[in-house]
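The residues making up each chain are set out below.
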Amino acid sequence: MTPTIVLDNGGHTIKAGIGGTDTPAQLIPNAIARSKSKSTTYFGHELLQCTDHASLSYRLPISKGLIVDWDAQKAIWDGLFSTDVLGIDTTQSSLLLTEPYHNLPNIQQVYDQFIFEEYQFASYYRCTPASLIPHLFPTTTTTTTPSPDCTLIVDSGFSFTHAVPLIHGRPHSRALTRLSIGGKLLTNHLKHLISFRQWNMMDQTHITNHIKESCCFVSSDFARDLHTARSARSPNPLTQEYALAEGRLRQPGDSTSSGSSQILVMNNERFSVPEIIFRPDDIGLNQVGLAGTIAHSISLLPEDLQGMFWANIALIGGNTKFPGFRERLLADLRPLAPVEHDVQVYEYPDPITAPYDAAMRFVSTPAYKDSVVTRQEYLESGSNATRRKWRVSAGEEKEKEKEKEKQGRSKSKTGTARKK
Amino acid sequence: MPPKRTREHHVRQTYVSTTTIDPRVVAERTRKHLDQLERSNYAETSIMSVTGDDNEPGKYGKSRARQIVSDKRNLKLLGSSPAATKKRSTMNVRSALLYPKNLATLIEESGIASLPASTPTYLTAEAPAPSYPPRLICSVCGYWGRYKCRKCALPYCDQNCESVHAETRCEKRVV
Ligand SMILES: [Zn+2]
Ligand SMILES: [Zn+2]
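Residues numbered from 1 in each chain as written. Chains lettered and ligands numbered in written order. Predicted model: local features only at pLDDT ≥ 70, side-chain atom pairs only at ≥ 80, totals over all residues. Heavy atoms only, no water.

## Observations concerning the overall build of chain A
Within chain A, the regular secondary structure consists of 16 helices and 20 strands. A buried classification covers 60% of the 420 residues belonging to chain A. Across chain A, the fraction of contacts at a sequence separation of at least 24, relative to all contacts at a separation of at least 6, is 65%. Surface exposure of chain A reaches about 17,300 Å², of which carbon and sulfur atoms provide 51%. (Helix = DSSP H or I, 4+ residues; strand = E, 2+ residues; numbered from the N terminus. Buried < 20%, exposed > 50% of the residue type's maximum accessible area, 1.4 Å probe, protein only. Contact = heavy atoms within 4.5 Å. Areas by Shrake-Rupley, 256 points an atom, 1.4 Å probe, with all protein chains shown as cover.)

Here it is as C-alpha cells:
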C-alpha cells in the first residue's frame with residue numbers, strides 16, 4: 001500500500017507526518033536561518049537543533065501568504081522527505097499538501113511541477129487548511145462541535161487571518177475574507193515596542209516570538225487594562241517580567257539577583273499586541289477587526305443560511321491560542337449579529353494541528369483516493385488535470401449544483417415514468 | 001461600559017487639528033511602517049546566497065540568475081526522483097528555482113486583476129475598511145494618545161511622552 005504523507009505547509013511551521021501511523025504532527029520550521037556569529041545555516045528541521053537563536057537572519061519561502069521562494073521551499077522540503085525526518089520514497093507515496101487561501105493559479109502550477117516533476121509523487125491532493133476541518137466533525141451532531149452544514153472557520157495564522165465559510169464542508173470562496181494581520185506582524189510589532197521602550201530586539205525574532213507566546217493575552221476590556229497598566233507605574237497586576245538571558249518568564253520565587261540584569265518588563269505590551277487582531281486601526285491598517293471581518297464574510301452568504309454561520313464559528317491557527325481570544329471574539333461579535341441569531345464560537349484542543357489532525361483522518365478514508373490527481377494524469381494533461389479535478393470557485397460550484405438539480409429532476413422523471 | 005465609551009469619545013474630542021503635516025505624508029509613513037511589519041528581518045539583508053560565499057557550481061551549473069541553496073545540501077532522499085538523485089530537474093522546476101519572481105510580478109502574471117469583479121481572488125478578499133474612526137494610541141507608551149504632535153501628527157498622551165517623542169522619533173519613525 002502506498003503511504004500518504006500529510007504536509008500542512010504553514011508560513012511559520014510545516015505540520016508533517018505519515019498517514020495511517022496515528023503519529024502526532026511533527027512541527028518543522030518553514031524557514032532557513034543563518035547565524036552570523038557562527039556562520040552556520042540551518043534549514044527547516046535543523047532549526048530544531050539550533051540552541052543559539054540570537055541574531056539569526058531568516059529566509060522564508062512564504063511571503064504574504066504565498067510561496068514566492070521555491071529554492072528555499074525545496075531546500076526545506078528536501079530535508080523533510082529525507083532520511084533526516086520522514087525518510088520516505090516520494091515516488092512510492094501519495095501527498096496531501098495544503099496551500100494558501102486564494103492561491104494564485106500560476107503558483108498552483110508550480111506546486112504541481114514540484115510535486116510531480118521534481119519529487120514524482122504517485123498522487124497528490126492540494127487544498128486549503130480550513131477545507132480539511134470538516135473531517136474532524138463527528139458523524140452525529142453534538143452540542144460541543146460546530147454543525148457540519150454551515151461552518152465559518154477562522155484561521156488566524158502567521159501571514160494573515162481568514163474567515164472561511166464552509167457550506168456542506170466546502171469553502172465558499174466568494175465570501176472568504178482576509179484580515180491582513182498574522183503572527184508575523186504581531187511579533188514584529190512587539191519587537192518595535194520593546195526596542196523603543198526597553199531593549200533593542202530588532203534582530204531577535206525568535207526570542208520576541210517566545211515572549212509573545214508566553215506573555216500576551218487578549219484583553220476583554222482594553223480601556224480598563226490600559227488604565228490598570230498605567231495606574232500604579234510599577235508593578236501593577238498586569239506586569240510580568242521576562243528574563244532575556246534565560247529566555248523565560250520570571251517566577252515569584254526567582255531571586256532578584258538571579259542571572260543577569262536583563263529583565264524585560266511586559267506591561268501594556270501584553271495585551272496591546274494581540275489587540276491589533278481586533279482593532280487593526282491601532283497600527284493604522286484600514287481594515288475592520290476580526291469580528292467585523294467575520295460579519296462581512298457572513299453578509300456575503302445566502303441569507304437563509306446566515307443564522308447557521310453565526311452559530312457555527314470555529315477557531316484554528318496559532319493566534320487563537322492567546323488566552324482570552326475566544327471570549328473577546330464572542331463579545332465583539334454579539335453586537336454585530338442580528339438579535340434573533342445565536343452566536344457560538346468553537347475551539348479545537350490544538351488549533352495549530354487541527355488541519356493536520358483532520359487530514360490524517362481524511363487520508364484514511366476511501367474518499368481520499370477519489371480526490372487525488374495521479375502522476376499518470378498529470379503526465380497526460382499537466383496542470384489541467386489538477387485544475388479540472390479541484391476547481392472550487394463559487395460560480396463553478398453553482399453550476400455544478402444546477403447540473404445536479406437537473407440530473408436529479410431527470411432521474412425523478414424517469415422514475416415516475418417507470419412507475420406509470 | 002458607558003464610562004469607557006465616554007473616555008474614547010473624550011479622547012477624540014480633545015484632539016484639535018493644529019498639525020500642518022500633509023495627510024498624504026502620514027498615509028505614506030503608515031504604509032511604509034506596515035511594510036516594515038511584514039519583513040522577515042529588520043535589516044533586510046539579502047540572504048539569497050544563504051550558504052555563504054562558496055562559489056562551487058551546483059547541480060544546475062553556474063547561473064547568472066542567482067546562487068541557489070537547495071542543490072548544495074547533503075541529504076539522503078529515497079527513490080529515483082530528480083530530488084533524490086543527480087538527475088536533472090525539469091525545465092519548469094529549474095526556472096522556478098533560478099528565476100524567482102516577487103509577489104507583484106506573480107500577481108500580475110496570474111491575470112487575476114482582469115477577471116470579472118464577481119470572481120473571487122486574492123485581490124478581492126480583503127476585509128473592508130472600518131466605519132468607526134481610528135483610536136489614537138500614544139506612540140511612546142501605548143496609552144490613549146490624547147494629543148497629536150504638531151510636526152508629525154503622531155499621537156502622545158502627556159508632556160512626559162511628548163518630550164520623549166520630540167527627542168527620539170519625531171518625524172523619524174513610527175510604531
Ligand atoms: Zn504616552
Ligand atoms: Zn513629532
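Next, the rest of the story.
## Notes on the UniProt feature "domain: HIT-type" (unreviewed entry) in chain B
UniProt records the feature "domain: HIT-type" (unreviewed entry) at residues 134–157 of chain B, using the numbering of this structure. With 0% helix and 17% strand, residues 134–157 of chain B has its two end C-alpha atoms placed 16 Å apart. (UniProt positions renumbered as here; feature names shortened; annotations may be inferred.)

## Quick word on the interface of chain A and chain B
At the interface, 86 residues of chain A touch 79 residues of chain B. Summing both sides of the interface, chain A and chain B together bury roughly 7,100 Å²; the carbon and sulfur share of this comes to 58%. Remark: the boundary between chain A and chain B carries 4 salt bridges. Among the ionic pairs, Asp158 of chain B bridges to Arg230 of chain A, the shortest N-O distance being 3.2 Å. (Buried area = accessible area lost by both parts, 1.4 Å probe. Salt bridge = Lys/Arg side-chain N within 4 Å of Asp/Glu carboxyl O.)

## What about the coordination of the zinc ion (ligand 1)?
In ideal tetrahedral geometry, four donors around a metal make angles of 109.5 degrees, whereas ideal octahedral geometry with six donors gives angles of 90 or 180 degrees. Residue and element names in this part refer to chain B. Ligation of the zinc ion (ligand 1) by protein atoms is provided by Cys138 (SG), Cys141 (SG), Cys157 (SG) and Cys161 (SG), these donors lying 2.3 Å from the ion. With 4 donor atoms in place around the zinc ion (ligand 1) and angles of 103 to 119° between them, the coordination shape is tetrahedral. Sequence spacing of the donor residues for the zinc ion (ligand 1), all on one chain, is C-x2-C-x15-C-x3-C. Linking Cys141 in the loop between α4 (103–110) and β1 (147–148) with Cys157 in the loop between β2 (155–156) and α5 (159–168), this pair joins segments that are 16 residues apart in sequence. Of the residues examined, Cys157 reaches a relative accessible area of 6% and is grouped as buried. (Donors = N, O, S within 2.8 Å, 3.2 Å for Na, K, Ca; no water. Tetrahedral: all angles 85-135°; square planar, octahedral: opposite > 155°, others 65-115°.)

## Some thoughts on the packing of aromatic side chains
Residue and element names in this part refer to chain A. Counted under the stated rule, the structure contains 19 aromatic pairs over all chains. Centre to centre, the rings of Trp70 and Tyr111 are 5.2 Å apart; their planes meet at 85°, and the pair counts as edge-to-face. One end of the pair, Trp70, is in helix α1 (residues 70–81); the other, Tyr111, is in helix α2 (residues 105–118), with 41 residues separating them in the sequence. On the basis of relative accessible area, Trp70 is assigned to the buried category, the value being 6%. Tyr111 gets classed as buried once you look at its relative accessible area, which sits at 1%. Counting every residue linked through ring pairs, the aromatic cluster contains Trp70, Trp77, Phe81, Tyr111, Phe114, Tyr119 and Phe121. Just above the ring of Phe160 sits the side chain of Arg178; from NZ or CZ to the centre is 5.2 Å. (Phe/Tyr/Trp six-rings, centres within 6.5 Å; stacked < 30°, edge-to-face > 60°. Lys NZ or Arg CZ within 6 Å of the ring centre and 35° of its normal.)

## Observations concerning helix α12 (residues 354–363) of chain A
Of all 10 residues in α12 of chain A, 8 are buried, a share of seventy percent or more. Within α12 of chain A, burial applies to Ala354, Pro355, Tyr356, Ala358, Ala359, Met360, Phe362 and Val363 of chain A.

## Details of the nonpolar core
A general tendency of soluble globular proteins is for nonpolar side chains to be buried together. Residue and element names in this part refer to chain A. Core analysis: the biggest nonpolar cluster contains 79 residues, and Trp70, Trp77, Leu80, Phe81, Leu96 and Phe114 have the highest contact counts within it. Beyond its immediate stretch of four places on either side in the chain, Leu80 contacts Leu7, Ile14, Ala16, Ile28, His45, Val85, Leu86 and Gly87. Ile211, Leu264, Phe325 and Leu329 belong to the second-largest nonpolar core, a separate cluster that totals 49 residues. (Core = buried A, V, L, I, M, F, W, Y, C linked by side-chain atoms within 4.5 Å.)

## Some remarks on the coordination of the zinc ion (ligand 2)
Residue and element names in this part refer to chain B. Around the zinc ion (ligand 2), the protein contributes the donor atoms Cys149 (SG), Cys152 (SG), His165 (NE2) and Cys170 (SG), at 2.0 to 2.3 Å from the metal centre. One way to put it: the 4 donor atoms around the zinc ion (ligand 2) meet at angles of 99 to 121°, and that makes the site tetrahedral. Sequence spacing of the donors to the zinc ion (ligand 2): C-x2-C-x12-H-x4-C. Residue Cys149 is located in the loop between β1 and β2, and its partner His165 is located in helix α5; the two are separated by 16 residues in the primary sequence. Across this residue pair, the class does not change: Cys149 and His165 are buried.

## A short note on the environment of Arg279 of chain A
For Arg279 of chain A, the position within the fold is in the loop between α8 (275–278) and α9 (290–299). Separated by 162 residues in the primary sequence, Arg279 of chain A and Glu117 of chain A place their C-alpha atoms 44 Å from one another.

## Some remarks on the side chain of Thr293 of chain A
Position of Thr293 of chain A relative to the elements: it lies in helix α9. Non-local contacts of Thr293 of chain A, meaning those with residues more than four positions away in its chain, are made with Ala163, Thr177, Leu179 and Val288 of chain A together with Ala127 of chain B.

## Comments concerning the sheet that holds strand β1 (residues 4–9) of chain A
Residue and element names in this part refer to chain A. One open sheet holds the 6 strands; their spatial order is β3-β2-β1-β9-β10-β20, and the pairing between them is mixed. One side of each edge strand has no neighbouring strand; the edge strands of this open sheet are β3 (26–29) and β20 (373–374). Sheet strands touched by α2: β9 (94–98), β10 (123–127) and β20. Its angle to β10, the strand with the most contacts, is close to 155°. Lying on the sheet, helix α15 (residues 383–390) is in contact with β10 and β20; it crosses β10 at an angle near 55°. (Pairing = 2+ DSSP bridges. Axes fitted to C-alpha atoms, helices over the stretch in contact; angles between N-to-C directions.)

## As for the packing of α1 of chain A against α2 of chain A
Residues and elements named next belong to chain A. Where α1 meets α2, the axes come as close as 13 Å, and the angle between the chain directions of the two elements is 40°. Where α1 crosses over α2, the handedness of that crossing is right-handed. Residues Trp70, Lys74 and Trp77 of α1 touch α2, and the partners they reach there are Ile107, Val110, Tyr111, Phe114, Ile115 and Glu118. Taken together, the residues that form the contact of α1 with α2 break down as 7 nonpolar, no polar and 2 charged. (Left-handed = near helix turned anticlockwise from the far one by under 90°. Nonpolar A, V, L, I, M, F, W, Y, C, P; charged D, E, K, R; others polar.)

## Things to note about the sheet that holds strand β4 (residues 32–35) of chain A
All names here are of chain A. The 3 strands lie next to each other as β5-β4-β6, forming an open sheet whose pairing is antiparallel. Edge strands, defined here as strands with exactly one partner in the open sheet, are β5 (40–43) and β6 (56–59). Direction aside, the axes of adjacent strands within the sheet are offset by 20° on average. Examined bridge by bridge, β4 and β5 share 4 bridges and lie antiparallel to one another. In the sheet register, Ala33 faces β5, and the bridge partner there is Tyr42. The sheet contacts of α1 involve β4, β5 and β6, and relative to β4 the element is tilted by about 90°.

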